[in-house]
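# Summary of structural features
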Amino acid sequence: MKSILDNRSELAKQVNDVAEVAGYLWQKGWAERNGGNITVNITAFADEEIKKLPAISEKIALGRTIENLKGCYFFCKGTNRRMRDLARRPMDNGSIIRITDDCAHYEIIADKPVKPTSELASHLSIHNYMIGKDSDYKAVLHTHPIDLVAMTHNPAFLEKDALTNLLWSMIPETRAFCPRGLGIIPYKMPSTFELADSTIKELEEYDVVMWEKHGVVSVGENIMEAFDMVDTLSKSAQIYMTAKCMGFEPAGTTKEQMDELRDAFNLPK
Ligand code: 2HA
Ligand code: ZN
């Protein structure tokens, strides 16, 4: 079967990277059933031929006008589709959509009329925010990491920056590779604009945001970067948990040691 990816190696790489990450999410146990979603802004790869492609769905309302998205194209995981299936057959379990000129609707253009993720409101609102800031960030990842979600069931970890400081202190990598830390959003109904808006607010300060008792959202220049930050935070959570299972509270690196790292690597905060 013909695919929009044929003879478009750059676009194919974006989609293949999403498939690779989808496989990791499944292997890590972060993607039960249809859990989690991924969208990537692929507007930079939309050549003239793609721009002329007819819609293969009707126009579907976004639920609000999202002003910076005019003429943008996204690869989106399909709603109700499984990450493990996205990993093997990305264009059967995801699709490419175009935002219509009124910025209030989208239409699917390729390969198949697979309806995008239930968290499209959050994802597109985040892309809108990133475009508005002139950011290079193009990827949004939402996933359900067991260890990090478990930690949000402890009210003490919901205090601002409590988890950030704890996870940073478990291993220097986390301070270096997730330098803006982990934002926290109190529990909200999934798939709502309220959740989307709170997420955007937290992204002003953090690259990874935790939805209490649900999962994380991570943004980055590409899907690998977005994944790596969650993976790094999860590693810290595993170290914390392992120490607790061995019967002691981990000492953690000191504030001075973390600040030394910040200065050496020229990190924010
Ligand atoms: O797409 O994870 O939050 C399934 C979800 C919704
Ligand atoms: Zn979710």
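Look a little higher up for the structure.
Residues numbered from 1 in each chain as written. Chains lettered and ligands numbered in written order. Predicted model: local features only at pLDDT ≥ 70, side-chain atom pairs only at ≥ 80, totals over all residues. Heavy atoms only, no water.

Looking now at the packing of aromatic side chains. By the definition in use, this model includes three aromatic pairs. Ring centres of Tyr24 and Phe227 lie 5.3 Å apart, and the angle between their planes is 35°; this geometry places the pair in the tilted category. Of this pair, Tyr24 sits in helix 1 (residues 9–27) while Phe227 is found in helix 10 (residues 223–245), placing the two residues 203 residues apart along the sequence. You can call Tyr24 partly exposed: its relative accessible area is 27%. You can call Phe227 buried: its relative accessible area is 4%. Between Phe157 and Tyr240, the aromatic rings sit 6.0 Å apart at their centres with planes inclined by 80°, giving edge-to-face as the arrangement. Of the two residues, Phe157 sits in the loop between helix 6 (146–151) and helix 7 (162–168) while Tyr240 sits in helix 10, which places them 83 residues apart along the sequence. Here the two residues Phe157 and Tyr240 agree in accessibility, since each one is buried. Here the aromatic cluster, defined as three or more aromatic residues joined through ring pairs, consists of Tyr24, Trp30 and Phe227. (Phe/Tyr/Trp six-rings, centres within 6.5 Å; stacked < 30°, edge-to-face > 60°. Helix = DSSP H or I, 4+ residues; strand = E, 2+ residues; numbered from the N terminus. Buried < 20%, exposed > 50% of the residue type's maximum accessible area, 1.4 Å probe, protein only.)

Residues in close proximity to ligand 1 include Asn34, Gly35, Gly36, Asn37, Ser118, Glu119, His142, His144 and His214, which together make up its full environment. Gly36 places a polar main-chain atom, nitrogen or oxygen, 2.9 Å from an oxygen atom of ligand 1. In this structure, an oxygen atom belonging to ligand 1 sits 3.0 Å away from a side-chain N or O atom of His144. Here ligand 1 loses 88% of its free accessible area of 220 Å² to cover by the protein chains. Each residue belonging to the shell around ligand 1 can be placed in one class, and the counts come to no nonpolar, eight polar and one charged. (Near = heavy atom within 4 Å. Polar contact = N/O pair within 3.5 Å; in protein donor to acceptor, adjacent residues only side chain to side chain. Areas by Shrake-Rupley, 256 points an atom, 1.4 Å probe, with all protein chains shown as cover. Nonpolar A, V, L, I, M, F, W, Y, C, P; charged D, E, K, R; others polar.)

Okay, the pattern of salt bridges next. Scanning the entire structure with this criterion turns up 18 salt bridges. Taking the shortest distance from any N to any O, the salt bridge between Arg8 and Glu49 comes out at 3.8 Å. Of the two residues, Arg8 is situated in the segment before helix 1 and Glu49 in helix 2 (residues 48–52); the sequence distance between them amounts to 41 residues. What makes Glu49 exposed here is its relative accessible area of 58%. What emerges from the salt-bridge pattern is a single network uniting Lys255, Asp259, Arg262 and Asp263. (Salt bridge = Lys/Arg side-chain N within 4 Å of Asp/Glu carboxyl O.)

Take Gly29: it is sitting in the loop between helix 1 and strand 1 (37–41). Spatially, the C-alpha atom of Gly29 lies 30 Å from that of Ser3, the residues being 26 residues apart in sequence. With residues up to four places along the chain from it excluded, the contact list for Gly29 reads His144 and Ile146. (Contact = heavy atoms within 4.5 Å.)

Moving on, we get to the packing of helix 1 against helix 10. A packed helix pair is summarised by two numbers, namely the angle formed by the two axes and the spacing between the axes. Where helix 1 meets helix 10, the axes come as close as 9 Å, and the angle between the chain directions of the two elements is 20°. Relative to helix 10, the element helix 1 lies roughly parallel. Both helix 1 and helix 10 take part in a crossing whose hand is left-handed. Packed against helix 1, whose contacting residues are Asp17, Val18, Glu20, Val21, Tyr24 and Leu25, the element helix 10 presents Ile223, Met224 and Phe227 at the interface. Within the contact of helix 1 with helix 10, the residues separate by chemical class into seven nonpolar, no polar and two charged. (Axes fitted to C-alpha atoms, helices over the stretch in contact; angles between N-to-C directions. Parallel < 35°, antiparallel > 145°, perpendicular 65-115°, else oblique. Left-handed = near helix turned anticlockwise from the far one by under 90°.)

What follows deals with the side chain of Thr152. Counting through the fold element by element, Thr152 comes out in the loop between helix 6 and helix 7. Given a relative accessible area of 0%, Thr152 falls into the buried group. Within the local environment of Thr152, its side chain forms a polar contact with the backbone oxygen of Val149, the two atoms lying 2.7 Å apart. A polar atom in the side chain of Thr152 sits 2.8 Å from the backbone nitrogen of Lys213. Those residues in contact with Thr152 that sit more than four places away from it in its chain are Leu158, Met210, Glu212 and Lys213.

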